[in-house]
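Survey of secondary and tertiary structure
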Amino acid sequence: MPPVRAATRRRHWGRDLTEVAALFAAMAAADLIADLVNHGPDGGLLLMTSAAALLAAAAAHVWWTHRRSGRTPAAAVPEVPAGDADRREDAEPTLWRLRTTVRDTPGSLGAVCTALAGSRVDIVTLQTHPLAEGTVDEFLLRAPAALPAAALVLTVADAGGTDTWLERADAHDLVDTPTRMLTLATRTALDAAELPLALRQLFGRCTIRSIPAAAGEGPVQDTLEDTVMRLGDPSGGTITVQRDHLPFTPTEFARARALVELDARLGVRVPDSRHVVTLPEGNELTVRRAGPEDRTAALAMHDRCSPATLAMRYHGPTDDADRYLDHLLSPRFGQSLAVETASGRLVALGHLLWDGDENEVALLVEDGWQRRGIGAVLLRKLVELASEAGRESAYAVTRATNTGMVATMRELGLPLDYQVEDGTLVITATLPSPAALPWAAARR
């Protein structure tokens, strides 16, 4: 039993005994006074004296009670052990991203900053997003580890902040906004496939979707509607950026439009990266990035593939391969790899497709080049691209009878999840950081 509760219980037993003793004493005193009044010569005077004594005693009791109520008994407030206090002080501060809306009046932002300082919260960075009414202030905060998230939100609310949103941050958020924008602009300028990834990294948790243009559809107008942005894709169609519960500000809308405009001015571009691999039989093949310019060679490879190989890849009719390739080779929907021989003949294609928050990997190897390790090389390269893009998983969709694809996925050496439905197999691989990939460690 804790010491505080034990002391309280002992104090209650002592009080009970004291009250019983006082009751018996009062009864004896009352009997004695009654005898004196009835038989004594000055009964009235005695009653008046007794009444005055009782009133004085009552006043003294009230005074003593008020005096004690102003104090806090030492036993009622358990002390924090010295070791726990030291651990709280030594704990690493917590990084938070906080966004709140304040009135557009002098001193509103200062009140929030003063309240945060009063809670020993350090403001690392601050951005302001002007609105028609009020201002959205976005903070990166370093708060004491012992300060709960709810207390942080209440502190901001008491200082005048409304519509407050809070989430945990990490070391990547320590980069200031101008530096982050320049970095994302550089990546977008080097590779057209980076635009969806740049938008996602710019806004954090959001869903990016590229929607192809419909037949006869004209240019798409950029629009901002609360938690959804629609941007005209320079290659045709619409790029939709959606975020749950946190509306986009006009400032964020302007940043997104700036990245899209940069992409439009630079046109279609694919990095000229090449990697030569040697197969076990000694043949040297080149693995490189593929783009729309490889469509003719890819169609020729389709013609050399058997119907069974095409059906295994596309899970259905292959008569509309032209439409498939237009989508697969577009850098807007992901990154594609081509494998070609020394003579320049295309013999395999690999695709990493951005599927909202998820990522699909797909392979197609010409019949005459299957079971030579080309699929394993392609799959590793695609997984590296996904990991470098900060993706946490990648999945492959194939038939449950496709033992070759299952074996290739297992050779990755990554945690796998299998889901089978109506003969369709979905294999999802959990991705670590690029440096933690099994084959990267083997190379080192």
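Residues numbered from 1 in each chain as written. Predicted model: local features only at pLDDT ≥ 70, side-chain atom pairs only at ≥ 80, totals over all residues. Heavy atoms only, no water.

Right, let's get into the sheet that holds strand 4 (residues 162-168). Strand pairing in a sheet relies on backbone hydrogen bonds, with the paired strands running either antiparallel or parallel. In space, the four strands of this open sheet follow the order 2-3-1-4, with antiparallel pairing throughout. Looking at the sheet topology across the chains shown, the edges are occupied by strand 2 (122-130) and strand 4. The average angle at which neighbouring strand axes cross in this sheet is 15 degrees, direction not considered. Bridge count between strand 1 (residues 94-102) and strand 3 (residues 135-143): nine bridges; the pairing is antiparallel. Pairing of Leu95 across the sheet is with Arg142, part of strand 3. Contacting strand 1, strand 2 and strand 3, helix 4 (residues 108-118) crosses the sheet at an angle of about 15 degrees to strand 3. (Pairing = 2+ DSSP bridges. Helix = DSSP H or I, 4+ residues; strand = E, 2+ residues; numbered from the N terminus. Axes fitted to C-alpha atoms, helices over the stretch in contact; angles between N-to-C directions. Contact = heavy atoms within 4.5 Å.)

This paragraph deals with the pattern of salt bridges. Pairing between side chains of opposite charge can happen when their charged atoms approach one another. Counted according to the given criterion, the structure contains 17 salt bridges. Across the pair Arg97 and Glu138 runs a salt bridge whose closest N-O atoms are separated by 3.1 Å. Residue Arg97 is located in strand 1, and its partner Glu138 is located in strand 3; the two are separated by 41 residues in the primary sequence. Exposure class is identical for Arg97 and Glu138. Each is buried. Of the charged contacts in the structure, one is a salt bridge between Glu261 and Arg265, with a shortest N-O distance of 3.4 Å. Note that Glu261 and Arg265 are positioned in helix 8 (residues 250-266) at a spacing of four residues, about one turn of the helix. (Salt bridge = Lys/Arg side-chain N within 4 Å of Asp/Glu carboxyl O. Buried < 20%, exposed > 50% of the residue type's maximum accessible area, 1.4 Å probe, protein only.)

Tallied over the entire structure, the rule returns two aromatic pairs. Ring centres of Phe203 and Phe248 lie 5.3 Å apart, and the angle between their planes is 70 degrees; this geometry places the pair in the edge-to-face category. Highlighted residues: Phe203 in helix 7 (residues 194-203) and Phe248 in the loop between strand 8 (238-242) and helix 8, separated in sequence by 45 residues. Across the pair, exposure class does not vary: Phe203 and Phe248 are buried alike. Here the guanidinium or amino end of Arg168 rests over the ring plane of Trp96, the centre of that ring lying 5.3 Å away. Positioned above the aromatic ring of Trp369, the side-chain terminus of Arg372 is 4.6 Å from the ring centre. (Phe/Tyr/Trp six-rings, centres within 6.5 Å; stacked < 30°, edge-to-face > 60°. Lys NZ or Arg CZ within 6 Å of the ring centre and 35° of its normal.)

Next up on the list: the nonpolar core. Of all hydrophobic cores here, the largest spans 37 residues; its most connected members are Val339, Ile374, Leu378 and Met409. Each residue touching Ile374, except ones within four places of it in the same chain, is listed here: Leu279, Leu285, Val339, Ala348, Val365 and Trp369. (Core = buried A, V, L, I, M, F, W, Y, C linked by side-chain atoms within 4.5 Å.)

Now for helix 7. Counting buried positions along helix 7 yields eight of 10 residues, so the element is predominantly enclosed. Where helix 7 is concerned, the buried positions are Glu194, Leu195, Pro196, Leu197, Ala198, Leu199, Leu202 and Phe203. The positive-phi residue at the C-terminal boundary of helix 7 is Gly204, with phi of around 75 degrees.

On average, residues of the protein carry a pLDDT of 80, and 77% of them reach 70 or more. Here residues 65-88 is modelled with pLDDT under 50, and outside its nearest four sequence neighbours on either side it reaches five contacts, counting other chains as well. (pLDDT = per-residue confidence, 0-100.)

Another point: helix 5 (residues 149-158). Those residues of helix 5 that sit buried are Leu152, Thr155 and Val156. Projected down its long axis, helix 5 shows its buried positions confined to an angular sector of 95 degrees, all on one face. Helix 5 presents Ala150, Leu154 and Asp158 as exposed residues on the side facing more than 90 degrees away from its buried surface. Contacts made by the buried residues of helix 5 are with strand 1, helix 4, strand 3 and strand 4. Remark: Gly160 follows helix 5 within two positions and exhibits a positive phi of approximately 110 degrees. (Arc of directions from axis to C-beta.)

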